[in-house]
Structures are given as structure tokens and as C-alpha cells.
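So the chains spell out like this:
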Amino acid sequence: MDERSQSETSSSSLSLRSLSTPNSPDVLNTPDTERCVLFDDDIVEDALDIASHNSQFIMVIGGLGYIGSHTVLELLKEDYNVLIIDDLSNSYLSVLHRIQALANEHFATRDRPMPAVHFRRLDYRNPCMRSVLASYASYKLGTKFSGFHPRSGSNESLPSYAYQSEILRVDSGNKSTEMIQSATIDDPSKPILRCESRIIGVIHFAAFKSVEESIRCPLKYYENNVCGLVDFLGLLQEFGIKNFVFSSSATVYGEGANAGIPLREELCVHHPETYHDDDGDQHHAIPGVLGLTSPYGRTKFMCEAILADIAKADPTWSITSLRYFNPVGCHESGLLGEDPRQKPSNLIPVIEAVLMGDKPVLEIFGTDWDTCDGTAVRDFIHVVDLARGHIAALAAAAAGKIGNSFRTFNLGTGKGHTVREVLKSIEEASCRTIPVREVGRRPGDVGFCVADVRRAEIELGWRAEKSLADCSVNVWNHCQT
Ligand SMILES: NC(=O)c1ccc[n+]([C@@H]2O[C@H](COP(=O)([O-])OP(=O)(O)OC[C@H]3O[C@@H](n4cnc5c(N)ncnc54)[C@H](O)[C@@H]3O)[C@@H](O)[C@H]2O)c1
């Protein structure tokens, strides 16, 4: 696929066909929709036309990447306004145009306006994030509140900044920060400011994800994936944004993934839990996990542990950690897909590179696993199903259906396919033969990794619907786009 051009010209309308050329517009004015605002650098002096709006947003960090882009599109289709933060370290600006074109197409046949898309090209660790969040915040002045807290059912766990209030708008930027800090003294008689954000939820995709690179450059991974998250959570807390969805991975199960049975969430917990197995026997899950094999895997485990700890300390957080199994496929149009800036390491982009002639063969790592054809079994989940899992998590949290302030969910299909089965399926969809070379197992690989998906089905009301054949057809479309 072409390098995504970032020097593009403007246009008042956009067809899907025009997106397959590198000359798609940088700023799009789409009929009957709010303007999409783009920033090509880290300047966040507020040029957004949002002051007059009261609309609420979901903030998607890393929203132009593979899973993020599909999730943003599904959010828009569900009428959520979206604020995307992405530094384009592993994605391209043209993905934004494609999302918007697909959303426009979706809403063209519906009798309702397209929601807003705001975009900031920004590293989520950049101090400018404070100004971005301030531009979506207003402040309420009041005295100490005595009321009912929805999760605890009592007044006991109310944070010190929960107050009855009247609206007071405060300028964005550093001034607001000073005012919040001066308002944290817990004196019931003193008027106090409470921050109210129009960002009602955050989905956090931004992370580095190459297992192999994480072994070579662990600090890069700990800095972005872990340190970045810690600082970011502090900032969100400051703005009262506490509804958080985290991108986790089946990698947190460590050597548990070698058990050869579907993995249930209790195999990796961060605080003690009691649960019942399929025979009704009670078990006590002990915090921690054995056999994490890479710095990347450790970052996911550490992030989950941090999230679990802050949710325990302050139950007004609502945090869902979604453990993805093997995301594959792409949007049916072929316009969104897995197009990393970095060298691809996941199965599908490598297969695509072979299909496009950019790579001579696909290497199959390990053909001596105890599986039907000797290749590893994975739970391949269509990325659109995965994207919809995030919306289910947001909706369940908003409806108060998630009982805990921190909860993990497997997002998979519950069914396994071997690497050879995936290859065969894509060969059938493309009517091409994919040359392969069999090589040895990679360190840290496991033979069988499949999700137990019952928790997500019961608590989120979500289940994967698309098949491996759907994935393959969509991947071939993506190759041809
Ligand atoms: N793809 C998978 O197989 C898989 C499996 C399990 C978990 N995950 C997790 O899901 C998340 C998304 O994965 P993906 O496959 O979409 O990855 P991706 O690399 O395609 O997307 C990540 C996006 O985040 C952006 N980003 C990275 N660091 C950033 C920063 N500091 N500030 C702002 N933007 C930043 C990148 O530019 C990119 O657009 C990651 O956290 C990853 O670890 C992915």
C-alpha cells in the first residue's frame, strides 16, 4: 500500500474512490457535519470551534492505528462524538480521511447528522494534553455536596471534589489548573471548584506493540506504555474523567496460555478474587502471573495492575481492561486495515506483504506444535467485532452494569484456528498461493491461545459475529485498495 501522503489539498466533498489516491484532502468540510479539525504539529492553542457546544466526546488515544481506526468508525456510527489523539508514530493522517469518508457514507443514507470528529496530532505524554483537556472542560462552583453516590449507594466514598454547584466557566490552560489545586482543601464552608469534562470516556490504544522490538529496546516500551499511562491517569483524574477503557492483551496470561484450554480472566488477576469453575467448585485466584516472556507483555501486565490499584483506591473510577486475542481482518470496504509505519510483525500485514510481492515468503514459526496440522492455534478475532467490544464496554459502564471499578474482559471468538487454516482461507479469498517457509518456534511462543469469552457475553452483552472467511475476504479487499 502507498505511503500515506500528508501534503494534501482541500476539497468540499470526498468520495471513497478518491481515497485510494495519495492526493486526498487534509482538511475536509463535509456537508451537514461539524468541521473536522486537524493539527499537524503539537500546537494546541485552541482553534477548535467547541466553546459554543455542549456535546460530549469519547477521547480515543491512538485512534488512527489499526484497532483504533476501526473503533473510531464504529463509535461514529453509534452517534458518539470522537476526539482522536495520535502522534502518528505508527499510523498515517490519511486514515482520518478514510474514517470520515466511511462515516459520511454511513450517515448519507440515514436521517441524522454525523457526529463530530476532532483530531490532535499529539503524543499523549506531551504536557500540551493538559490544554487539550482544559478546552473540553468547564468548572462548577459550589459548597460541599451531600448526596448519593451511584456505585457505593452511600455518601461515604464521595471524593472531596463532589459538590452541589452552579456553573462557572473558567478559561482553559494553566489558570484552570491553579484553581483546581486551590480548591482541594476539604473545607465544607469554602466555595470550591469542580471540573466537569465533556469527555465522558477514554479509550486508550496508544502503545508500542512489537514483542521483538520490546526485547531490544525495553525502555522505549516502559516509557510509552507504562510511564505514559501513569502520568495520563493523573491528568484524567485532575479533570474528573474516570471512565477508562484499556487495550490489554492475551499476553498477560503468560505461561497460563500453554494450558491448552480456553483462558478465563481469573487466570490473571491483580487483587485476590474468588470464583467458581464449570463444575461449581470454588477457587481463590491469587494476584500475579507466571511466565511473562517479553517487556511488551510485562507492560500490559503492569498497566493492568496500576489500573486495578487506582480503581481500588478510588472506586469512582470505572475501568475496563479488554484483553485482545489475535485481531485480524479489516473494514469490509478495504479502506481501513493494518498499515503500520513500523515494520509489520503481525501475521496479516506480513501475509499482505507477500500477496503484494513486497516480501518473497511467509515464515511459519513452529510446525511441531501439538495441534491438528502442527502450526500454532490462535483465537483470531475480526477487528470490527473487536471494535464493537469497546462500544459494548462503554455502554455497559454507562449503564452501571459493570459491578467493579476495575474489570477485565477477554475479547476473542472462543474458537481456535491454526496458522495454516488462516493461510488457506486467505488463499481461497484471493485465489492466490502464498509461498511459505517453515522455521523454528520463536522464543516465548505458545501452541494454543484461545479465549473463554463467557464473561464478555454475560456482562457486556457482546460476542464476536464475523468468521475467518469474512476476515480473509476483507483482507484481500484491503490489499487491492
Ligand atoms: N494488534 C494486535 O495484535 C494487538 C493485540 C493485543 C493488544 N493490542 C494493543 O492494542 C493497542 C492498539 O494496537 P494496534 O494494533 O491498533 O496498534 P497500532 O500501532 O496500529 O496503533 C497504535 C496507535 O497509537 C499511536 N501512538 C503510539 N504511541 C503514542 C503516543 N505516545 N501518543 C500518541 N499516539 C501514540 C500510534 O501512532 C498508532 O496510531 C495497543 O495498545 C496494543 O498493545 C494489539
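- Looking at an unreviewed UniProt entry, one finds the protein chain named UDP-glucose 4-epimerase, with Lepidopterella palustris CBS 459.81 as its source organism.

Some remarks on the overall build of the protein chain
Here is step 1 of the chain: If you tally the helices and strands in the protein chain, you get twelve helices and 19 strands.
Here is step 2 of the chain: Looking at the protein chain as a whole, 45% of its 481 residues qualify as buried.
Here is step 3 of the chain: For the protein chain, restricting intrachain contacts to residue pairs at least 6 apart in sequence, the fraction spanning at least 24 positions comes to 78%.

Some details on the environment of Asn 104
Here is step 1 of the chain: Relative to the helices and strands, Asn 104 resides in helix α2 (residues 94-108).
Here is step 2 of the chain: For the pair formed by Asn 104 and Lys 77, sequence separation is 27 residues and the distance between their alpha carbons is 9.5 Å.

Side note on the site of the ligand
Here is step 1 of the chain: If you check the shell around the ligand, you find 28 residues, and the closest are Gly 62, Gly 65, Ser 91, Ala 207 and Ser 249.
Here is step 2 of the chain: When contributions to the shell around the ligand are tallied by element, the ones reaching two or more residues are α1 (66-77), β2 (81-86), α6 (218-238) and β8 (243-249).
Here is step 3 of the chain: Split by domain, the shell around the ligand shows at least three residues from each of two domains, domain 1 (17-133 + 199-204) and domain 3 (211-480).

With respect to the environment of Arg 198
Here is step 1 of the chain: Considering the arrangement of structural elements, one finds Arg 198 in the loop between β6 (192-197) and β7 (199-204).
Here is step 2 of the chain: When the C-alpha positions of Arg 198 and Ala 137 are compared, they lie 6.1 Å apart, and in sequence the two are 61 residues distant.
Here is step 3 of the chain: In contact with Arg 198, not counting residues within four places along its chain, are Ser 55, Gln 56, Phe 57 and Tyr 136.

Quick look at α1
Here is step 1 of the chain: Look at α1: 17 Å from first C-alpha to last across twelve residues, which is about the 16 Å you get at 1.5 Å a residue.
Here is step 2 of the chain: Of all the residues in α1, the buried ones are Tyr 66, Ile 67, Gly 68, Ser 69, His 70, Thr 71, Val 72, Leu 73, Glu 74, Leu 75 and Leu 76.
Here is step 3 of the chain: One or two steps after α1, the chain reaches Asp 79, where phi turns positive at roughly 75°.

Quick look at the pairing of strand β10 (residues 282-285)
Here is step 1 of the chain: Summarising the sheet, strand β9 (residues 273-276) and β10 pair through four bridges and their orientation is antiparallel. Residue pairing across strands places Tyr 275 opposite His 283, the latter belonging to β10.
Here is step 2 of the chain: Between the end of β9 and the start of β10, which pair antiparallel, lie five residues, with Gly 280 showing a positive phi angle near 85°.

Quick look at the sheet that holds strand β1 (residues 57-61)
The strands making up a sheet are joined through hydrogen bonds of the backbone, oriented either antiparallel or parallel.
Here is step 1 of the chain: Reading across the sheet, the seven strands line up as β3-β2-β1-β7-β8-β11-β16 and stay open at both edges, with parallel pairing between neighbours. Strand pairing shows two members of the sheet lacking a second neighbour, β3 (117-121) and β16 (406-411), which therefore form its edges. Across the sheet, the mean angle from the axis of one strand to that of its neighbour is 20°, orientation sign disregarded.

Quick word on the sheet that holds strand β14 (residues 377-378)
Here is step 1 of the chain: Here we have three strands laid out as an open sheet, ordered β17-β14-β19, and mixed in their pairing. Each of the sheet's edge strands pairs with one partner strand only, and the pair in question is β17 (417-418) and β19 (448-449).
Here is step 2 of the chain: Both β14 and β19 contribute to a ladder of two bridges, which runs parallel. Looking at β19, one finds that Arg 378 is bridged to Cys 449.

Looking at the packing of α1 against α2
Two numbers describe a pair of packed helices, the interaxial angle and the distance between the axes.
Here is step 1 of the chain: The N-to-C vectors of α1 and α2 enclose an angle of 30°; their axes lie 10 Å apart at closest approach. Taken together, the axis directions place α1 and α2 in an arrangement best described as roughly parallel. As for how α1 packs across α2, the hand of that crossing is right-handed. Residues Ser 69, Val 72, Leu 73, Leu 76 and Lys 77 of α1 form the contact with α2, whose participating residues are Val 95, Ile 99, Leu 102, Ala 103 and His 106.
Here is step 2 of the chain: When the residues that make up the contact of α1 with α2 are grouped by side-chain class, the tally is seven nonpolar, two polar and one charged.

Re the environment of Pro 287
Here is step 1 of the chain: The topology assignment puts Pro 287 in the loop between β10 and α7 (295-313).
Here is step 2 of the chain: By C-beta crowding, Pro 287 is classed as exposed, having 12 other C-beta atoms within 10 Å.
Here is step 3 of the chain: Considering only alpha carbons, one finds Pro 287 and Pro 272, 15 residues apart in sequence, at a separation of 5.6 Å.

Re the packing of α6 against α7
Here is step 1 of the chain: Orientation of α6 relative to α7, taken along the N-to-C sense of each, is 15°, at an axis distance of 9 Å. As summarised for this structure, α6 and α7 are arranged roughly parallel, according to the angle between their axes. The chirality of how α6 crosses α7 is right-handed. Listed contacts from α7 to Pro 218, Tyr 221, Tyr 222, Asn 225, Val 226, Leu 229, Val 230 and Leu 233 of α6 are Pro 295, Tyr 296, Thr 299, Met 302, Cys 303, Ile 306 and Ile 310.
Here is step 2 of the chain: Its residues assigned to classes, the contact of α6 with α7 comprises 13 nonpolar, two polar and no charged.

Section: the pairing of β1
Here is step 1 of the chain: Where burial is concerned, most of β1 is hidden: five out of the five residues are buried.
Here is step 2 of the chain: Of the two faces of β1, both are covered, the one formed by Phe 57, Met 59 and Ile 61 as well as the one formed by Ile 58 and Val 60.
Here is step 3 of the chain: When β1 meets β2, the two strands line up parallel, connected through five bridges. Counterpart to Met 59 in the pairing with β2 is Leu 83.

Brief notes about the UniProt feature "domain: NAD-dependent epimerase/dehydratase" (unreviewed entry) in the protein chain
Here is step 1 of the chain: The sites that UniProt annotates as "domain: NAD-dependent epimerase/dehydratase" (unreviewed entry) are residues 58-94 and 198-411.
Here is step 2 of the chain: Secondary structure across residues 58-94 divides into 35% helix and 27% strand, with the first and last C-alpha atoms of the span separated by 21 Å.

Side note on helix α9 (residues 383-398)
Here is step 1 of the chain: Taking 1.5 Å per residue, 16 residues should reach 22 Å; α9 reaches 23 Å between its end C-alpha atoms and fits that length.
Here is step 2 of the chain: Among the 16 residues in α9, 14 count as buried, and that is most of the element.
Here is step 3 of the chain: Backbone geometry just downstream of α9 places Gly 400 in the positive-phi region, at approximately 70°.

Thresholds applied
Residues numbered from 1 in each chain as written. Predicted model: local features only at pLDDT ≥ 70, side-chain atom pairs only at ≥ 80, totals over all residues. Helix = DSSP H or I, 4+ residues; strand = E, 2+ residues; numbered from the N terminus. Buried ≥ 20, exposed ≤ 12 C-beta atoms within 10 Å, placed from the backbone. Contact = placed C-beta atoms within 7 Å. Near = placed C-beta within 6 Å. Domains from an automatic or database assignment. Expected span 1.5 Å × (residues − 1). Pairing = 2+ DSSP bridges. Axes fitted to C-alpha atoms, helices over the stretch in contact; angles between N-to-C directions. Parallel < 35°, antiparallel > 145°, perpendicular 65-115°, else oblique. Left-handed = near helix turned anticlockwise from the far one by under 90°. Nonpolar A, V, L, I, M, F, W, Y, C, P; charged D, E, K, R; others polar. UniProt positions renumbered as here; feature names shortened; annotations may be inferred.

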